[in-house]
Amino acid sequence: MPRSAAIYSTVVAIDMAEFTHASRTDHHRQAMHRGLDEILQSAFDGAGIPWAVSEDRGDGKMIIMPPDFPRARMFEQLPTLLLNELNRYNALHVPEARIRLRMAVNAGDVAADESGQVGTAINHTFRIVEARPVKVDLKVSEGVLVLAVSDAIFTEVIAPDPAMEPTAFKQIAVRVKETEATAWLRVYGSVNGVVRENTNPALPQFASNLVEQLRLIVDGQRLPRLPLLLTRAAGLASSPLTPEATVMDAITYLLDLNTPPDGLPRLMHFVELLADELGGVVAQQLRTWNDGRARTLRLTTELGRVREATNAAADNDHCLHLLIQIDHHGLDPGERFLVTHWRQDDPRE
């Protein structure tokens, strides 16, 4: 086909460090190849970032964003989500199959022809990811991800926004083949490297854009049984809601609670209860939201278990709030009784 008109696009180059190292067998590389796809898909989905084009490069990938995609979105959540996914993958694999990533981001004109995507912007992005400082800084650190951006991306997107933490980046020289340029890099997950990052996986999983999706689904919903649903999701020690509390107030409260031993975040449990309570189209939207989070967090089994239990509970009488079990006293079974068990579903009732 003839070459298409060039379109200004954001280009991402991703490369697995030391993919061909002698310690790795083909079996290890196959596991890494599959793992990279899962890591990228989970992280990009979690950050709400679409792919316009994705090309497999064997030891990496090239991803091109849709032309109208806001470049700042690439740096708000994606690096942290990638770090979390890498940590999860690496914890489950032998050292020879573990992954450390180099990622470069650039922007410029990209065209397409019968061979695929072409453009100077693509070439420059891969020059950055291959730059010696990018490789060295990742290797000498204990990090698992290095992000390098072109000088234009840093100047136009990262430097003006304090939320992007521009001071965490350092300037480097890119000298690869005929390319001589300036770029900026940051290492994630490093203890002794460039930057030490907070690797707590709970923080980014329900980032602002995901919470906003929930708000759009439940906005305006009023539930008389909201305190009961919150108690079931958060446990009996949860703080009571005010009578004026909304569903979003409950969601905001649950965001700050630790995940229980069963592995499913309390917010996701609450969303299942909401879906069962509200029904209809809203329930479908809530379960779709939960399914997406379960895939990202690899909690599909845990979610299925909670969903099954929630559906089973739906068949029971919702009017039951307090159950008291009274037995005959063991020493005086004729006239004396003993409260042996009680359960209160809603402590506010």
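Before reading on, note that the structure itself is shown above.
The rules behind each value
- Residues numbered from 1 in each chain as written.
- Predicted model: local features only at pLDDT ≥ 70, side-chain atom pairs only at ≥ 80, totals over all residues.
- Heavy atoms only, no water.
- Helix = DSSP H or I, 4+ residues; strand = E, 2+ residues; numbered from the N terminus.
- Buried < 20%, exposed > 50% of the residue type's maximum accessible area, 1.4 Å probe, protein only.
- Contact = heavy atoms within 4.5 Å.
- Areas by Shrake-Rupley, 256 points an atom, 1.4 Å probe, with all protein chains shown as cover.
- Core = buried A, V, L, I, M, F, W, Y, C linked by side-chain atoms within 4.5 Å.
- Salt bridge = Lys/Arg side-chain N within 4 Å of Asp/Glu carboxyl O.
- Pairing = 2+ DSSP bridges.
- Phe/Tyr/Trp six-rings, centres within 6.5 Å; stacked < 30°, edge-to-face > 60°.
- Patch = residues over 30% accessible without salt bridge, like charges linked within 9 Å, V, L, I, M, F, W, Y side chains within 5 Å.

Visitor: Which residues make up the overall build of the chain, and what are the values?
Guide: Each helix and strand counted, the chain has 13 helices and ten strands in total. The buried share among the 349 residues of the chain stands at 46%. In the chain, 66% of the contacts between residues at least 6 apart in sequence involve partners at least 24 apart. Working note: accessible area of the chain is about 17900 Å², and carbon and sulfur atoms make up 52% of it.

Visitor: Any chance you could break down the nonpolar core for me, citing the residues and the numbers?
Guide: Among the nonpolar cores identified, the biggest contains 42 residues, and Met74, Phe75 and Val149 are the most heavily contacted of them. Mapped onto this core, the elements with two or more residues apiece are β1 (7–16), α1 (26–47), α2 (73–76), α3 (78–91), β4 (101–113), β6 (145–150), α6 (151–158) and β8 (179–188). In terms of nonpolar packing, the next biggest core, distinct from the first, is built from 28 residues, Leu214, Ala250, Leu267 and Leu273 among them.

Visitor: Before we move on, can you summarise helix α4 (residues 120–129) with the specific residues and values?
Guide: Owing to its 3.6 residues per turn, the α-helix aligns residues three or four sequence positions apart on the same side. Counting buried residues in α4 gives seven out of ten residues, a clear majority hidden from the surface. Listed as buried for α4 are Ala121, Ile122, Thr125, Phe126, Arg127, Ile128 and Val129.

Visitor: Give a description of the pattern of salt bridges that names residues and reports values.
Guide: A pair can form between side chains of opposite charge whenever their charged atoms are brought close. Counting across every chain of the model gives 17 salt bridges. For Arg215, the salt bridge goes to Glu212, with nearest N and O atoms at 2.7 Å. Highlighted residues: Arg215 and Glu212, both in helix α8 (residues 208–218), separated by three residues, approximately one helical turn. Using a relative accessible area of 28% as the deciding quantity, one classes Arg215 as partly exposed. Given a relative accessible area of 34%, Glu212 falls into the partly exposed group.

Visitor: Before we move on, could you go through the environment of Gly58 and cite the residues and values that matter?
Guide: Within the fold, Gly58 resides in the loop between β2 (53–56) and β3 (60–64). Gly58 sits 29 residues away from Arg29 along the chain, and the two C-alpha atoms are 9.5 Å apart. Ignoring anything within four residues of it in the chain, the contact list for Gly58 reads Met16, Phe19 and His33.

Visitor: Outline the pairing of β6, supporting the account with residue identities and numerical values.
Guide: On any regular strand, side chains alternate: one points to one face of the sheet, the next to the other face. Of all six residues making up β6, six are buried, and the element is well covered by its neighbours. Because side chains alternate across β6, one face comprises the buried residues Leu145, Leu147 and Val149, and the other comprises Val146, Ala148 and Ser150, equally buried. Sheet analysis places β4 next to β6, joined by five bridges and oriented parallel. Following the sheet pairing, Val105 is matched in β6 by Val149. In this structure, β6 lies alongside β8, joined through six bridges in antiparallel fashion.

Visitor: How would you explain the packing of aromatic side chains if you had to name every residue and give the values?
Guide: One pass over the structure, following the stated rule, counts three aromatic pairs. Where Phe154 meets Trp184, the ring centres are 3.9 Å apart and the plane angle is 10°; that geometry is what we call stacked. With Phe154 in helix α6 and Trp184 in strand β8, this residue pair connects regions lying 30 residues apart in the sequence. Look at Phe154 and you get buried, because its relative accessible area is 7%.

Visitor: A description of the environment of Asp45 should follow, citing residues and the corresponding values.
Guide: Looking at where Asp45 falls in the secondary structure, it is placed in helix α1. Between the C-alpha atom of Asp45 and that of Arg293, which follows or precedes it by 248 residues, the distance is 9.1 Å.

Visitor: Which residues make up the environment of Ala43, and what are the values?
Guide: Mapped onto the elements, Ala43 comes out in helix α1. The class of Ala43 is buried, set by a relative accessible area of 1%. For the pair Ala43 and Leu83, spaced 40 residues apart in the sequence, the C-alpha separation amounts to 8.8 Å. Residues within four places of Ala43 in sequence aside, it is in contact with Leu78, Leu81, Leu82 and Glu85.

Visitor: Could you give an account of a nonpolar patch on the surface, naming the residues involved and the relevant values?
Guide: A grouping of Leu322, Ile324, Ile326, Phe337 and Val339 is seen on the molecular surface, where their side chains present a nonpolar patch of about 500 Å² in accessible area. Residue assignment for the nonpolar patch shows that the elements contributing at least two residues are β9 (322–328) and β10 (337–344). Among the elements that make up the nonpolar patch, the one with the highest residue count is β9 (three residues). Note that Leu322 resides in strand β9. Relative accessible area serves as the criterion here: at 47%, Leu322 is assigned to the partly exposed category.

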